[in-house]
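Survey of secondary and tertiary structure
Chain by chain, the residues:
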Amino acid sequence: MQFRNLIAIAVFLILGMACTSNTDNIRKQQYRKSLLNVDEGAIEKVFREYLPKISDGRNLNNRIIAIGDLNDDGLLDGIVDYSLEPTLEDNGGGGNAVGEISGLIVIVNDNENLTIVDDTGDYNVRSDLKRIKNGVVLLEGLDYAEGDPRCCPSIKTTTKLVVRNNKLTEVK
């Protein structure tokens, strides 16, 4: 009787180790082990270093960061959706002609460095970065219906973008 119990315990332990090993293998397949620690803080640091080159003296209004594999190399990359406060010159000396200046910055991990590979500049889409899912960047926002006032678009939209040849491209 004790021998059967020992065999049952041994089989249970072996199966448990096999399941754990399989789970680890799945995780390793999802994302390769990077030499870099890629998280929001690392992406934020690259973005903040780049900000003076794109801001032209404007203040940062907002930024949203998403992390995920953008170029199907198994390494975590990042994207920053940013907006800058307009200056009086942007608005022709006053008024509210320009609400904000926004763009998307793609930051790719090559396992040694985080590098900006694309900056859309003024992306001109009224959308917010939501997430990266299966290499696709998802933006959700609003568009104008006929008759909508300039202040208030009413149609909910989803925009899908992918990185192809280090360029952010819309998926139709």
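The rules behind the values
- Residues numbered from 1 in each chain as written.
- Predicted model: local features only at pLDDT ≥ 70, side-chain atom pairs only at ≥ 80, totals over all residues.
- Heavy atoms only, no water.
- Phe/Tyr/Trp six-rings, centres within 6.5 Å; stacked < 30°, edge-to-face > 60°.
- Helix = DSSP H or I, 4+ residues; strand = E, 2+ residues; numbered from the N terminus.
- Buried < 20%, exposed > 50% of the residue type's maximum accessible area, 1.4 Å probe, protein only.
- Pairing = 2+ DSSP bridges.
- Axes fitted to C-alpha atoms, helices over the stretch in contact; angles between N-to-C directions.

A closer look at the packing of aromatic side chains
Under the criterion given, the structure shown has 1 aromatic pair. Taking 5.9 Å as the distance between ring centres and 40° as the angle between the ring planes, the aromatic pair formed by Phe47 and Tyr82 counts as tilted. Placement of the pair is Phe47 in helix H2 (residues 40-55) and Tyr82 in strand E2 (residues 77-84), with a sequence separation of 35 residues. Accessibility assignment for this pair places Phe47 and Tyr82 in one class, buried.

A short note on the sheet that holds strand E8 (residues 167-170)
Pairing within the open sheet is antiparallel, and its 4 strands lie in the order E5-E6-E7-E8. In this open sheet, the two strands that pair with only one neighbour each are strand E5 (127-133) and E8. Within the sheet, the average angular offset between the axes of one strand and its neighbour, ignoring direction, is 30°. Taken together, the 7 bridges between strand E6 (residues 136-143) and strand E7 (residues 155-164) define a ladder with antiparallel strand orientation. Across the sheet, Gly141 pairs through a bridge with Thr157, a residue of E7.

Some words on the pairing of E2
Both faces of the sheet carry side chains from a regular strand, because those side chains alternate between them. In terms of burial, E2 is largely enclosed, as 8 of its 8 residues are buried. Burial along E2 is two-sided: the face carrying Asp77, Ile79, Asp81 and Ser83 and the face carrying Gly78, Val80, Tyr82 and Leu84 are both buried. Inspection of the sheet shows strand E1 (residues 60-68) paired to E2 by 8 bridges, in the antiparallel sense. Bridge assignment links Arg63 to a residue of E2, and that residue is Tyr82. Pairing of E2 with strand E3 (residues 101-109), which is carried by 7 bridges, proceeds in the antiparallel orientation. Bridge pairing in E3 links Tyr82 to Gly103.

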